[in-house]
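Examining the three-dimensional arrangement
Read off the chains here:
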Amino acid sequence: MSTSPASGADWLRRDLDVLWHPCTQMREHQHGLLPLVPIERGEGAWLYDFEGRRYLDAVSSWWTNLFGHAEPRIGAAIARQAQQLEQVILAGFGHAPAIELAEALLRLSPRAEGTPPFTKVFYADNGSAGVEVALKMSFHSHRNRGDTRRTRFIALSNSYHGETLGALAVSDIPLYRRVYAPLLITPVFTPSPDAWDAQPGESAKDCAERAAQSLDALLQREGDTVSAMIIEPLVQCAGGMRMHHPHYLKRARELCSRHGVHLIADEIAVGFGRTGTLFACEQAGIAPDLMCVSKGLTGGFLPLAAVLAPQHVYDDFLDDSRERAFLHSHSYTGNPLACAAARATLGIFDSEPVLERNRITSARMAALAAPLAAHPNVAEVRQTGMILAMELVADKATRAPLPANQRAGLRAYRHAMEQGVVLRPLGDVLYWMPPYCIDEEGLDQLARVTASALAKAVEGL
Ligand SMILES: Cc1ncc(COP(=O)(O)O)c(C=O)c1O
């Protein structure tokens, strides 16, 4: 077997021979409808293929990358750690990267009056697994306190929390969920505060309040059977980068506390500066009861997740009985290499004015996207920090969706790839979520290519 193929075409053939790609209808690759691009290397905001063509990674490789590909400080931290300890079972053993990372996460975590601070970190090895941990931890802690009625979860309509069965169960995106529905626990979905759903004359805050009133009614009716409410604070990312007013988080916090329901913040996609603050919850001045982080945690280098918990939840599990312990584990829980990568990533936040720089970058993104708002097929350009999205429609006035057979998102994707930009629309929503190190040249190219991808997407309508 050759390990150094002559060209990208070689890799492409070998790839299709053996790989089954995630979240992909493989037939689209086989029939050439969707480009499949073998990548040789990455640097900064760019990915390079085997022919030397470069692609701007405008989606931060599934929202994981923060400071650029092959960021040297994170790479070096992993290399150093690899010389010392690559993995050790985390049951019965500990190690410096896991401890130091937990200390840093607890120090940086959101705090708010009236909510007990986080004091413990439980590791998992990807975002979905982190969500599973939070759901099980919530349920089990109520149970250990003798409250056996709290067996249900509340999630928002249009939510997304991952693909494992528990995480998928509290997700509400039909494309991913519907087929597996017979296998899933049934949560209670409550209306999303998504400002896109604002009625005429309603502000984003009014819309959030309306959704909060539904939550209030739900909790009044059934609150004593609910273990936790899970929410993606400020932006429902996979649900089409739908954004809501922080008012909802304040109200959800207040209502969950009133009814003894844990509030789980899924900061997996929005944490680590994506929304303009280190954690999205900060913009509402609230702290959740459990918080899940992953993706950007390692700067996009290695899979790792963490669930932050307060002392009282931890204490609920302390007992002589092993059954009352949290017997959840993954083989790579707290992997030293991943923890070292995360420690180095948080070190960059400590040593550089990341959030200030992002404010400049996000202002530039807003200015570059502003002209696109005038396009007759763009119903809205919305932005929260380093996430900017535009919603394509057939008719701006009625917001009627584009016909499905237009395959607008796919057209935009293909065109952008030809122009050297990875835009990976969510349905008919084009969005920018670039690595924080994107420079002026990258931003200009992104805006230029988005404009032409938009034209391609609606061509022939
Ligand atoms: C908000 C949110 N939660 C959970 C997940 C699942 O994370 P992972 O893909 O690492 O399992 C995602 C992934 O996109 C996400 O956006």
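Here we look at the overall build of the protein
- Broken down by element type, the protein carries 15 helices and 16 strands.
- Scaling as 2.2 N^0.38, a compact globule of 461 residues should have a C-alpha radius of gyration of about 23 Å, and the protein matches this with 22 Å.
- By its C-alpha atoms, the protein is 65 × 60 × 45 Å across when sized along the principal axes.
- Considering the protein as a whole, with its 461 residues, one finds that 45% of them fall into the buried category.
- In the protein, 72% of the contacts between residues at least 6 apart in sequence involve partners at least 24 apart.

Some points on the site of the ligand
- Contacts to the ligand come from 14 residues, most closely from G127, S128, G162, I268 and A269.
- Classifying every residue of the shell around the ligand by side-chain character gives 6 nonpolar, 6 polar and 2 charged.

Considerations on the nonpolar core
- Ranked by size, the top nonpolar core spans 120 residues in total, and within it M229, A252 and V307 carry the most contacts.
- Ranked by the residues each element gives to this core, the list is headed by helix α12 (residues 336-351), at 8 residues.
- Those residues in contact with M229 that sit more than four places away from it in its chain are I154, A252, C256, V261, L263 and I264.

Quick look at the environment of S452
- Relative to the assigned elements, S452 resides in helix α15 (residues 440-458).
- Separated by 36 residues in sequence, S452 and A416 place their C-alpha atoms 8.0 Å apart.
- Every residue in contact with S452, bar those within four places of it in the chain, is listed here: H415 and Q419.

Observations concerning unusual backbone geometry
- Phi is positive for W63, which is not a glycine, with a value near 70°.
- Positionally, W63 belongs in helix α3 (residues 60-63).
- The phi angle at M241 is positive, at roughly 50°, despite the residue not being glycine.
- Considering the arrangement of structural elements, one finds M241 in the loop between β8 (235-236) and β9 (242-243).

Some thoughts on the pairing of strand β13 (residues 378-384)
- Note that β13 and strand β14 (residues 387-392) share 6 bridges and pair antiparallel. Its bridge partner lying in β14, V378 is registered against L392.
- Hairpin geometry of β13 and β14 is characterised by an intervening segment of 2 residues between the two adjacent antiparallel strands and by a positive phi of about 60° at G385.

Quick word on the sheet that holds strand β3 (residues 54-57)
- Read from one edge of the open sheet, 4 strands run β1-β2-β3-β15, paired in mixed fashion. The open sheet has two free edges, formed respectively by β1 (39-43) and β15 (421-422), since each of these has just one partner strand.

Concerning the domain arrangement of the protein
- By domain assignment, the protein separates into domain 1 (37-70 + 354-458) and domain 2 (77-351).
- Of note, the centres of domain 1 and domain 2, computed from C-alpha atoms alone, are 27 Å apart.
- Each partner contributes to the interface: domain 1 provides 24 residues, whereas domain 2 provides 22 residues.
- Taken together, the elements giving at least two residues each to the side of domain 1 that touches domain 2 come down to α3, α13 (354-369), β13, β14 and β16 (429-432).
- Per element, the largest residue contribution to the side of domain 1 that touches domain 2 is 5 residues, and it comes from α13.
- Looking at the side of domain 1 that touches domain 2 residue by residue, the class counts come to 12 nonpolar, 9 polar and 3 charged.

Brief notes about the packing of helix α14 (residues 408-418) against α15
- At a closest axis distance of 8 Å, the pairing of α14 and α15 adopts a crossing angle of 140°. With respect to α15, the axis of α14 lies oblique. The two elements α14 and α15 cross, and the hand of that crossing is right-handed. Taking contact as the criterion, the partners of A408, R411, A412, H415 and A416 in α14 are, on α15, V449, S452, A453, L454, K456, A457 and V458.
- Considered class by class, the residues forming the contact of α14 with α15 number 8 nonpolar, 2 polar and 2 charged.

Notes on α14
- Turning to α14, its buried residues number three or more, namely A408, G409, A412, Y413, H415 and A416.
- Those residues of α14 that are buried lie in contact with β14, β15, β16 and α15.
- Looking one or two places after α14, you find G420, whose phi comes out positive at around 80°.

With respect to the sheet that holds β14
- If you walk across this open sheet you meet the 3 strands as β13-β14-β16, and the pairing is antiparallel. The open sheet has two edge strands, β13 and β16, and neither has a second partner. Recorded for the sheet is a direction-independent mean angle of 15° between the axes of neighbouring strands.
- Here β14 runs beside β16; their pairing, made up of 4 bridges, is antiparallel. Along β16, the bridge assignment pairs L388 with W432.
- Helix-sheet contacts for α15 involve β14 and β16, and the interaxial angle to β16 is about 175°.

Conventions used here
- Residues numbered from 1 in each chain as written.
- Predicted model: local features only at pLDDT ≥ 70, side-chain atom pairs only at ≥ 80, totals over all residues.
- Helix = DSSP H or I, 4+ residues; strand = E, 2+ residues; numbered from the N terminus.
- Rg over C-alpha atoms; globule rule 2.2 N^0.38 Å.
- Buried ≥ 20, exposed ≤ 12 C-beta atoms within 10 Å, placed from the backbone.
- Contact = placed C-beta atoms within 7 Å.
- Near = placed C-beta within 6 Å.
- Nonpolar A, V, L, I, M, F, W, Y, C, P; charged D, E, K, R; others polar.
- Core = buried A, V, L, I, M, F, W, Y, C linked by C-beta atoms within 7 Å.
- Pairing = 2+ DSSP bridges.
- Domains from an automatic or database assignment.
- Axes fitted to C-alpha atoms, helices over the stretch in contact; angles between N-to-C directions.
- Parallel < 35°, antiparallel > 145°, perpendicular 65-115°, else oblique.
- Left-handed = near helix turned anticlockwise from the far one by under 90°.

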